Amino acid sequence: MAEVEAINISEVRGIQKHEIPEAYLREDWGIEGDAHAGHWHRQVSLLSTESVDTMQKKIEFPLQHGAFAENILIRGMKVHELPVGTRLQIGEALTEVTQIGKECHQDCAIRKATGDCVMPREGVFVKVLRSGKVKKGDPVIQVSGEMK
């Protein structure tokens, strides 16, 4: 079963996210307290631990949770294989996948160190359909959509 490995936020855009023990995902907003929350289609970013593990093999320094600016790190589900429109129950919150990948700025520390970054290919964005609390260890359940 898939589960939340870590929850990360940044209070200001442009700084690295830091881990928090739990978060409140607010409907049509995102994670309360996160600088990237708002009324748009990229309210919360998701990344699979499997994606981070692949990148970790390419570099010599340890990757911390939030290194790719992901809000929620998920173990046991390749989120980038979910089609847009898939609904995920994350803890108490209900979300919907709105975008796979994103354009990445060229000067991030990971890209500089490795020549690569996983977010443009495997980062996933969701909007919050129903508010709820999320904490480390909470289940992540696919409630609609099919895996590729």
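Here we summarise the structure given alongside this text. Here the structure is a predicted model, which means the values were calculated and not measured. Think of each chain on its own: its residues are numbered from 1, step by step along the sequence as written. Local features are withheld for residues below a pLDDT of 70 in this predicted model, meaning they are given only at 70 or higher, and side-chain atom pairs are given and counted only at 80 or more; totals for whole chains, interfaces and linings count all residues. Hydrogens and water molecules were not included; the side-chain quantities draw on all heavy atoms of the structure.

### Details of the sheet that holds strand β2 (residues 18-20)
Sheet strands pair by backbone hydrogen bonding; their relative direction is either parallel or antiparallel. In short, DSSP must find at least two bridges between two strands for them to pair. By the criteria applied, helices consist of DSSP H or I runs no shorter than four residues and strands consist of E runs no shorter than two, each listed in order from the N terminus. Taken in spatial order, the 8 strands make up an open sheet running β2-β1-β6-β5-β9-β8-β7-β11, and their pairing is mixed. Looking at the sheet topology across the chains shown, the edges are occupied by β2 and β11 (140-142). Each strand axis lies, on average, 35° off the axis of its neighbour in the sheet, ignoring direction. Under this scheme, a helix contributes an axis fitted over its contacting stretch, all axes are lines through C-alpha atoms, and angles between N-to-C directions fall in the 0 to 180 degree range.

### What about the nonpolar core?
What we call a nonpolar core is a set of buried Ala, Val, Leu, Ile, Met, Phe, Trp, Tyr and Cys residues that are connected through their side-chain atoms within 4.5 Å. A simple rule labels every residue: compare its accessible area, found with a 1.4 Å probe on the protein chains alone, to the largest value its type can have, and call it buried under 20%, exposed over 50%, or partly exposed in between. Within the largest apolar cluster, 24 residues are counted, with the highest numbers of intra-cluster contacts made by Leu25, Leu46 and Ile72. Contributions of two or more residues to this core are made by β1 (3-9), β3 (22-26), β5 (44-48), β6 (72-75), β7 (87-90), β8 (93-100) and β9 (124-130). Any two residues whose heavy atoms approach within 4.5 Å are treated as being in contact. In contact with Ile72, other than residues within four places in its own chain, are Val4, Ala6, Leu25, Ile31, Val44, Ser45, Leu46, Leu47 and Ile90. One finds Val52, Leu63, Phe68 and Leu73 within the second-largest nonpolar core, a separate group that totals 8 residues.

### Regarding the pattern of salt bridges
By salt bridge we mean one thing: a side-chain nitrogen of Lys or Arg within 4 Å of a carboxyl oxygen of Asp or Glu. In total, this model carries 6 salt bridges according to the counting rule given. Among the ionic pairs, Asp34 bridges to Lys17, the shortest N-O distance being 2.9 Å. Placement of Asp34 in the loop between β4 (30-31) and β5 and of Lys17 in the loop between β1 and β2 is noted, with a sequence separation of 17 residues between them. Using a relative accessible area of 6% as the deciding quantity, one classes Asp34 as buried. Judged by relative accessible area, which is 6%, Lys17 ranks as buried. Here Asp138 and Lys135 are joined by a salt bridge, their closest N and O atoms 3.0 Å apart. Overall, the relative accessible area of 10% leaves Asp138 in the buried class. Residue class for Lys135 comes out partly exposed when judged on its relative accessible area of 42%.

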